[in-house]
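# Coordinate inspection notes
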Amino acid sequence: MKYVEPTSLSEALEILAGDDEARCLAGGATLVAMLNADLVEPSTLIGLRRIDELAGITATGDQLRIGAMTTHAQIAVDGRLTGNAAVVRDAARQIAHPAIRNMGTIGGAICHADPNADFPGALVAANAVLVAAGQSGTRQIPADEFFLDYLETSLEEDEILSAVMLPVEPSGAGARHLKFSRTHGDYATVSISLVLVLDAGACSYARVAVGSVGPTPLHLTEVDEILTGSDLAGETIRQAGRKLMEAADPVDDVRGSAEYRRMIIPGLLQRAVDELREVG
Amino acid sequence: MSANMADNMQVNPIIGASVPRIEGPEKASGRAIYTDDITRPGMLHAALLGSHYAHARILSVDTSAARALPGVKAVLVGTDLPHNYIGMFIKDQLPLARDKVRYSGEPVAAVAAIDVQTARRALRLIEIEYEELEPVTDIEEALKPGATVIHEQRDEYPTMYELPREPNAICFTEFMEGDPSSAWDQCDVIVEDEYQVPAQYHMYMEPSSTVAEMDGNGKVTVWTSTQGVARSQMYTALAMGLPMSKVRVIAPRIGGGFGGKCEFTNQPITALLAQATGRPVKLTFSREDDMTMMKRRHGGRIYMKTGATKDGTLVARDCRIVLDGGAYADESPEVSPVAAFFSQGPYRIPNMRVEAWSVYTNLSRASAFRGFGNPQATFASESQLDDLAEQLGMDPVELRLANALEQDDKFFCGKTIEKATMKACLEKVRDASDWAGKRLHGTPARPGKKRGIGVAGMSHISGLAGAGANVLLNEDGSVTLNCGAVDIGQGSDTIFTQIVAAALALDMDQVNFAAPDTDSSPYQFQTSASRNTYVIGNAVKKAGDDVREQIYRHAGEILECNSADLELRQGGVVGVKGVPDAALPFAAIAGRALWQEGGPIMGTHNWLYTPQDRMDPKRMLLRGFALMPDAIGIFTFGAQVAEVEVDEVTGQVEVLEYWAAHDVGKAINKASVEGQIEGGIVQMLGYALTEEMLWDNGRMINPTMMDYKIPGMADAPYKIHSLLIEEAEESAPYGAKGVGEICAVGPAPAIANAIKNAVGARVNQIPATPERVLKAMQSADDAD
């Protein structure tokens, strides 16, 4: 296996296009474990850590740009991720353990597209747009359309995810990523990513995604609409929760049965709303 | 007051001091040498191929492609090895499966190659043709007539006990005392239930690892992560068909054991590879190999029925324990009897019958694991006591106090209680936890949670098997202690160093603790059964005392006085009492002994626990115990209280605070004792709440730390109160008893009882996962 460390995105894309068996190495939090377990055997590993274009968080008018190689730890402490974007920060601080948060990157995490991970649901709730770079240019992919199936994204083989764009709008939004897991640091059994705009108790904007209950984050426009314009009374949230519960398609695994995961969605949604209200 | 007690009153202040670990600096700085850190010239690296199937006949094996791979130096399969069965009470296992595989993960082939990658590649080239057999994975099914037989030749294995008739049974034990069949008539309240306990993985930080090397004379040296060098030596010799005199075993630093590194791990196969290649070989397991190939705690089912009169006096108990022993017996023939023995709990129950089985299944081997059968039985009995208390309208602590064993009571089958401290443990934990206040008034829970508090009482033993110790006086007056005990992380090297330092009034750095090495250490069982401090500590102390007596003899001759007039002064000086100037350094004595009089000073002692009274066969029915339970040591007692919050939405349980009162006799090293208690509680927090090895049709589905979850720092209670009761045990070194296991016996029932108190739902199956708790809560609601 070859290891290369290009210093520009175009160089990386060129190597990737020239080798079908090459894989990009971001933080390595997942890929290295897969290599050790003989689950993948790439011909070339393209280390992305020396590419400046992929690093860091920048504010650009109505959007925040998070470079794909930004670590979970950097995202977790960045004070610019407020309002709508705070759901991503809240997710980042709850991923695994400090050592993994220091190594793992947002680009690596979402390209792996594990539906049990924290970022996919949070990015859908934040209405994020993912930037895919190819040799012929870039594509902007809404988070809702990026995650196709279990460990499958809409990224082409010769593309590299370069950044995550988080809209600052809607203004006045509050956010919460509620993670329920067996132990601290485990993958979520169920997670709720929630962005709300509350105006004197009434909800003028809502966007909810549920993680770990299907091959991709569960997001129903219908649920956002039930909540939007309501005063988020218990019955409204139960109705929204039931819709999510019915649409969820979880699997039975070591973290819980499908039946159990479905069962707790409405209660967790209520809790996410309560917690969000509490912190304002 | 006995002479021993008087002696204890003047002990050196180092006894009881929280002395830092003697190996602390090297561990803290990352310089400690573990087995995998060892490299030998020309060393090869090994890997094992685990069976894909849980139960299958091996029809043919083709290793030609693996042997042809460049860099491969040896490929061994079962038929390449001597046909020497190994095992503790029943010799039923070979280092590599020969005709049949009996669990998924069972090693079927071993490769030694120039590096690990090559060895692992070679494993993939080995072709094995299997005839798949029906896997037996359920213990009750395994015992039924007509069940698929796992060991067809079971009755031909060398065995140290009487095998039951059922062909898949490893052992059957039955105890009976009083008249349990008619005693139910005297009971006003009877509770009856069934409990399920999981297979738990040891999860020592260091996976099993061995380096083996054969010299030109045919002697094998083995460096290995083990709980006992002599045990590894015995099994390695047995597997190779060598006398033990041809096997040397050395223990470097060990990264945890918890029972999983008792008896043997991968020593025999590594030594066989070294023999086959003529080169040193290292075999270190990956975590997944360790989880699928190595050992675990017995899961199982426990049926229990308990009756009491309405004033809360326990009258009768009936109990049936069926434990899953897995594919090979290992220590099962002693684990299920110990479970049966402790199904009484630390209470008087005059009429009692218990039967206990260990059963072969096509799952990985069950073995020793901290508590050794006791946590399983105690989960059932302590859960049941709370249900009984509820029906009687009694406080759970009061019910336990009313029935706690007292001085002069006899345990199940007639073994006398040496020191009855059960009530003291219950009272201490009750008062420290503000039990009455919390139980009566409750503490407000956080939003969405319900809070509860639960108690468990427990007893265990300390003292199995014999030990020896040598203390050698060096020419400069310092000493070397050699007892062959393996410190698996619990701190026994430091404890023994403190004991010798106290016996001779030496400073810690004047005592050299010699690493366990079968070439030089006294013969020794293993680090297990809460025995190190009590058993080995006795040998160590008495070997130190022996050196002191010899020093006194020399000093008396030089200073022309009686031994009785002599005293030790701190730092290696002997002097005449009341005469400050009359003093001799140990070095002077050592020099005299070496050059003039008597020869070098060596203190030595061997020790074995001897029961005060034997079990009384007239008092009870007792059969199927591989070791007599009266010989397994002195009793220890403890009581624990857990305060939990249960999440109303998810059913998840969080343990907020924990109180643990334990009779330790005497804490030789207070920080170490507290560390043992805290570690035992957090380990069993996992047993109670999250840890469970799972198999699908015999294949383990969670053999990784990602899928199998142990508690981390953030899951531990914010405070664990270790409450020590120090009533010196006369037969113990400075009064100290073992606490390594008993602290692990209580957490599962204490937490289950706290869950019941919080949400009114009884969880009969652990781990009490959020899903199980939520379902129990819903059932309790439906019942209301």
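Parameters at a glance
Residues numbered from 1 in each chain as written. Chains lettered and ligands numbered in written order. Predicted model: local features only at pLDDT ≥ 70, side-chain atom pairs only at ≥ 80, totals over all residues. Heavy atoms only, no water. Domains from an automatic or database assignment. Contact = heavy atoms within 4.5 Å. Buried area = accessible area lost by both parts, 1.4 Å probe. Salt bridge = Lys/Arg side-chain N within 4 Å of Asp/Glu carboxyl O. Polar contact = N/O pair within 3.5 Å; in protein donor to acceptor, adjacent residues only side chain to side chain. Helix = DSSP H or I, 4+ residues; strand = E, 2+ residues; numbered from the N terminus. Nonpolar A, V, L, I, M, F, W, Y, C, P; charged D, E, K, R; others polar. Axes fitted to C-alpha atoms, helices over the stretch in contact; angles between N-to-C directions. Parallel < 35°, antiparallel > 145°, perpendicular 65-115°, else oblique. Left-handed = near helix turned anticlockwise from the far one by under 90°. Pairing = 2+ DSSP bridges.

## Comments concerning the domain arrangement of chain A
All names here are of chain A.
- Along its sequence, chain A is carved into domain 1 (2–167) and domain 2 (173–279).
- Taking only C-alpha atoms into account, the centre of domain 1 sits 24 Å from that of domain 2.
- At the junction of the two partners, domain 1 supplies 28 residues and domain 2 supplies 24 residues.
- Buried area between domain 1 and domain 2, summed over both chains or domains, comes out near 2000 Å², and the portion from carbon and sulfur atoms is 51%.
- On the surface where domain 1 and domain 2 come into contact, there are three salt bridges.
- Residues Asp118 and Lys179 are paired through a salt bridge, measuring 2.9 Å at the closest nitrogen-oxygen approach.
- At the boundary of domain 1 and domain 2, one finds 13 residue pairs in polar contact (both at pLDDT 80 or more).
- Looking at the side of domain 1 that touches domain 2, the elements with two or more residues in it are α4 (86–92), α7 (119–125) and β8 (147–149).
- For the side of domain 1 that touches domain 2, the element with the most residues is α7, which contributes five residues.
- Class assignment of the residues belonging to the side of domain 1 that touches domain 2 gives a composition of 15 nonpolar, seven polar and six charged.

## So, the packing of helix α12 (residues 396–403) of chain B against helix α13 (residues 422–432) of chain B
Residues and elements named next belong to chain B.
- Packing of α12 against α13 brings their axes to within 9 Å, and their N-to-C directions diverge by 160 degrees. As judged from the angle between their axes, α12 and α13 are roughly antiparallel. Judged by the twist between their axes, the crossing of α12 over α13 is left-handed. Of the residues in α13, those in contact with Val397, Glu398, Arg400 and Leu401 of α12 are Lys423, Leu426, Glu427 and Arg430.
- The class makeup of the residues in the contact of α12 with α13 is three nonpolar, no polar and five charged.

## Points about the sheet that holds strand β23 (residues 602–607) of chain B
Residue and element names in this part refer to chain B.
- Read from one edge to the other, the open sheet built from four strands follows the order β19-β18-β17-β23, with strand pairing classed as mixed. Two strands close off the open sheet at either side, each with one partner strand: β19 (511–513) and β23. Across the sheet, the axes of successive neighbouring strands diverge by a mean angle of 15 degrees, strand direction being ignored.
- Direction of pairing for strand β17 (residues 467–473) relative to strand β18 (residues 479–482): antiparallel, over a ladder of four bridges. Looking at the pairing, Leu473 lines up with Val479 of β18.
- On the sheet, helix α15 (residues 492–504) packs against β17, β18 and β19 and is oriented at approximately 150 degrees with respect to β19.
- With respect to the sheet, helix α16 (residues 532–559) is in contact with β17, β18 and β23, its orientation differing from that of β23 by roughly 150 degrees.

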